[in-house]
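Secondary and tertiary structure notes
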Amino acid sequence: FVAMATNVGAKSTGSEVQPPLPRCVIVPGNGCSPVTSANWYAWAQRQLSDMGLFREVILPDNNGGMPDPNCARESIWLPYMRDVLKCDADTVLIGHS
């Protein structure tokens, strides 16, 4: 955040190409349902969205949040994060357990 935050609002000379803003995904802890009213998740999503550091801030809450929310098995979560949430090398993950 610090490195990115220092560049927010920086003046462009027009010659440099600014990298695209990354995506952010907040991954809730086990058993949180509904995610938007549990812990600090919705607050963090709003704050991060308002800061303008990310092109989008995702909080998985459709159909109750993450699949397999109580056991959080790697064999289920990793494909879900890759295929559904579209997490990749340019995604900032914020996790909570």
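As for the confidence of the model for the protein
When pLDDT is averaged across the protein, the result is 84; 82% of the residues are at 70 or more. Within the model, pLDDT remains below 50 along residues 1-6, and this stretch shows 8 contacts once partners closer than five positions in the same chain are excluded.

As for the pattern of salt bridges
The full count for this structure, using the stated rule, is 3 salt bridges. Residues Arg23 and Glu56 are paired through a salt bridge, measuring 2.6 Å at the closest nitrogen-oxygen approach. A residue pair is termed long-range when its members are at least 10 positions apart, and Arg23 in strand E1 (residues 23-27) and Glu56 in strand E2 (residues 56-58) qualify at 33 residues. What makes Arg23 buried here is its relative accessible area of 9%. For Glu56, a relative accessible area of 34% puts it in the partly exposed group.

About the thresholds
Residues numbered from 1 in each chain as written. Predicted model: local features only at pLDDT ≥ 70, side-chain atom pairs only at ≥ 80, totals over all residues. Heavy atoms only, no water. pLDDT = per-residue confidence, 0-100. Contact = heavy atoms within 4.5 Å. Salt bridge = Lys/Arg side-chain N within 4 Å of Asp/Glu carboxyl O. Helix = DSSP H or I, 4+ residues; strand = E, 2+ residues; numbered from the N terminus. Buried < 20%, exposed > 50% of the residue type's maximum accessible area, 1.4 Å probe, protein only.

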